[in-house]
Amino acid sequence: MYTSKYLIIFVLSLILTNCGETNTSKQSSLSINTAVKSLMLGDTLQLSINNPKKLEISKVSYQLGEKSIESNSVLNNITLGQKELTATVNFGDKTETLSKTIQIYNNEKPSYYKYEVINTYPHDITSYTQGLEFYNGELYESTGQRTESKLRKVNFETGEVLKNINLDDAYFGEGLTILNDKIYQLTWQAKRGFVYDVNTFEKLNTFNYGTSKEGWGICNDGETLYKSDGTEKIYLLNPENLNEKSHIEVYTEKGKIPNLNEMEWINGKIFANIYQKNGVAIINPKTGGVEGVINFTPLRKLVTQHPDLDVLNGIAYHPERQTIFVTGKNWDKIFEVKIKKQ
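Remember, predicted model here, so these are calculated numbers, not experimental data.

As for the overall build of the protein chain
And then number 1: What the protein chain contains, in helices and strands, is two helices and 29 strands.
And then number 2: Computed over C-alpha atoms, the radius of gyration of the protein chain comes to 26 Å, more than 25% over the 20 Å expected from 2.2 N^0.38 for 342 residues, which places it beyond the range of a compact globule.
And then number 3: With the C-alpha coordinates aligned to their principal axes, the bounding extent of the protein chain is approximately 80 × 60 × 40 Å.
And then number 4: The buried share of the protein chain, reckoned over its 342 residues, is 48%.
And then number 5: Long-range pairs, those at least 24 residues apart, make up 52% of the contacts in the protein chain between residues at least 6 apart in sequence.

A word on the sheet that holds strand S16 (residues 182-187)
Backbone hydrogen bonds are what pair the strands of a sheet, in a parallel or an antiparallel way.
And then number 1: Strand order in the open sheet made by the four strands is S15-S16-S17-S18, with antiparallel pairing throughout. A single partner strand is all that each edge strand has here, and the edge strands are strand S15 (173-179) and strand S18 (203-208). Across this sheet, the average inter-strand angle for adjacent strands is 20 degrees, counted without regard to direction.
And then number 2: Note: S16 against strand S17 (residues 192-197), five bridges, orientation antiparallel. Residue pairing across strands places Gln185 opposite Phe194, the latter belonging to S17.

Let's talk about the packing of aromatic side chains
And then number 1: This model, assessed by the stated rule, comprises 16 aromatic pairs.
And then number 2: Considering the side-chain rings of Phe207 and Tyr209, the 6.3 Å spacing of their centres and the 50 degrees angle between planes classify their relative orientation as tilted.
And then number 3: Judged by relative accessible area, which is 9%, Tyr209 ranks as buried.
And then number 4: By the ring-pair criterion, three or more aromatic residues cluster together here, those being Tyr121, Phe134, Phe156 and Phe325.
And then number 5: Note that Lys203 overlies the ring of Phe194, its terminal NZ or CZ placed 4.1 Å from the centroid.
And then number 6: Lying over the aromatic face of Tyr209, Lys227 brings its terminal NZ or CZ to 4.2 Å of the ring centre.

Description of the pattern of salt bridges
And then number 1: Counted according to the given criterion, the structure contains four salt bridges.
And then number 2: One salt bridge connects Asp124 with Arg152, and the closest N-O pair in it is separated by 2.8 Å. Taken together, the residues Asp124 in the loop between strand S10 (111-122) and strand S11 (129-135) and Arg152 in strand S13 (residues 150-154) connect sequence positions 28 residues apart.
And then number 3: Judged by its relative accessible area of 24%, Asp124 is partly exposed.

A look at the sheet that holds strand S21 (residues 233-237)
And then number 1: Reading across the sheet, the four strands line up as S19-S20-S21-S22 and stay open at both edges, with antiparallel pairing between neighbours. Edge strands, defined here as strands with exactly one partner in the open sheet, are strand S19 (218-220) and strand S22 (244-249). Strand after strand, the sheet turns through a mean of 25 degrees between neighbouring axes, direction not considered.

What about the pairing of strand S8 (residues 81-91)?
And then number 1: Sheet analysis places strand S5 (residues 57-64) next to S8, joined by seven bridges and oriented antiparallel. If you follow Leu64 over to S8, its bridge partner there is Leu85.
And then number 2: Sheet topology note: the S8/strand S9 (residues 94-105) ladder contains eleven bridges and is antiparallel. In the sheet register, Glu84 faces S9, and the bridge partner there is Thr101.

Observations concerning the environment of Ser228
And then number 1: Mapped onto the secondary structure, Ser228 falls in strand S20 (residues 225-228).
And then number 2: Between the C-alpha atom of Ser228 and that of Ser127, which follows or precedes it by 101 residues, the distance is 21 Å.
And then number 3: Once you skip the residues sitting within four places of it in the chain, Ser228 turns out to touch Glu214, Gly215, Trp216, Gly217, Lys233, Leu260, Asn261 and Met263.
And then number 4: There is a polar contact of 2.8 Å between the side chain of Ser228 and the backbone nitrogen of Gly217.
And then number 5: Here Leu260 takes part through its backbone oxygen, which lies 3.3 Å from a polar atom of the side chain of Ser228.

Conventions and cut-offs
- Residues numbered from 1 in each chain as written.
- Predicted model: local features only at pLDDT ≥ 70, side-chain atom pairs only at ≥ 80, totals over all residues.
- Heavy atoms only, no water.
- Helix = DSSP H or I, 4+ residues; strand = E, 2+ residues; numbered from the N terminus.
- Rg over C-alpha atoms; globule rule 2.2 N^0.38 Å.
- Buried < 20%, exposed > 50% of the residue type's maximum accessible area, 1.4 Å probe, protein only.
- Contact = heavy atoms within 4.5 Å.
- Pairing = 2+ DSSP bridges.
- Axes fitted to C-alpha atoms, helices over the stretch in contact; angles between N-to-C directions.
- Phe/Tyr/Trp six-rings, centres within 6.5 Å; stacked < 30°, edge-to-face > 60°.
- Lys NZ or Arg CZ within 6 Å of the ring centre and 35° of its normal.
- Salt bridge = Lys/Arg side-chain N within 4 Å of Asp/Glu carboxyl O.
- Polar contact = N/O pair within 3.5 Å; in protein donor to acceptor, adjacent residues only side chain to side chain.

Now the structure itself:
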């Protein structure tokens, strides 16, 4: 009994001693010298190290997120959002890493865009639209709801369904995008997506999500897939192995924009539906900054009103016509619009 007691005390003393030896921040008292908690893109971040014990520091290197920075850096060519600021400090034969969190906001207010309805076309009122995209002049649609989720090719002028497959009842369909004759379709909470042949709708592959929480919207720039998960984050995926390479965070000059839903790549920008807002954010894919907003709320009044009517969702760009097609969940119309700044 006494042996066990003394053994426990001995082990505890070893743990406490080891913790003291590795906790160099308590020994050195070093810290990052900045009171800044948030900055805007383009601001200058000035950094130094608080060194109350006058240690002989040989080297300091700083990193903001995944980007190396200097002690006096202008925050250009950086993505927005919550970033971990780290300082790696070398002194004597020791190295210590210090850290704190900083928010980076966009440095411009979003521009407001207005729209003009060019044409109105019929849309299946039972389709809970989650993804919409043109490919080689054909319109493809992904719909949601459990036991009702579908992948379709549709004649946008008549509403006729040209090709259709139903998802297994366990899956809630979400966004889609098409790249190199492959359809990439997301599901909501199953953390799984599907890859199909665009011509035959044959399922070629399935893929699991990485750190992204759920599947909401997806688009592509011809090389990379961009995936939303219902937060302010957009993940960049390699279309070959579907790995999440990195992510951007969508911010205005005031804060983050969560609930990013269906997305479309249009002329170098990401157009994203904002869930429950009947609006679209125009996003710079290099920074995550919101450069514009479009309020499509009036369109909802132009469709048949019924109990299952839900929010705007579904945005597709027709490159030959240079127009945008928008619809919503259980809407009986698709609107072809042109946009311009107010």
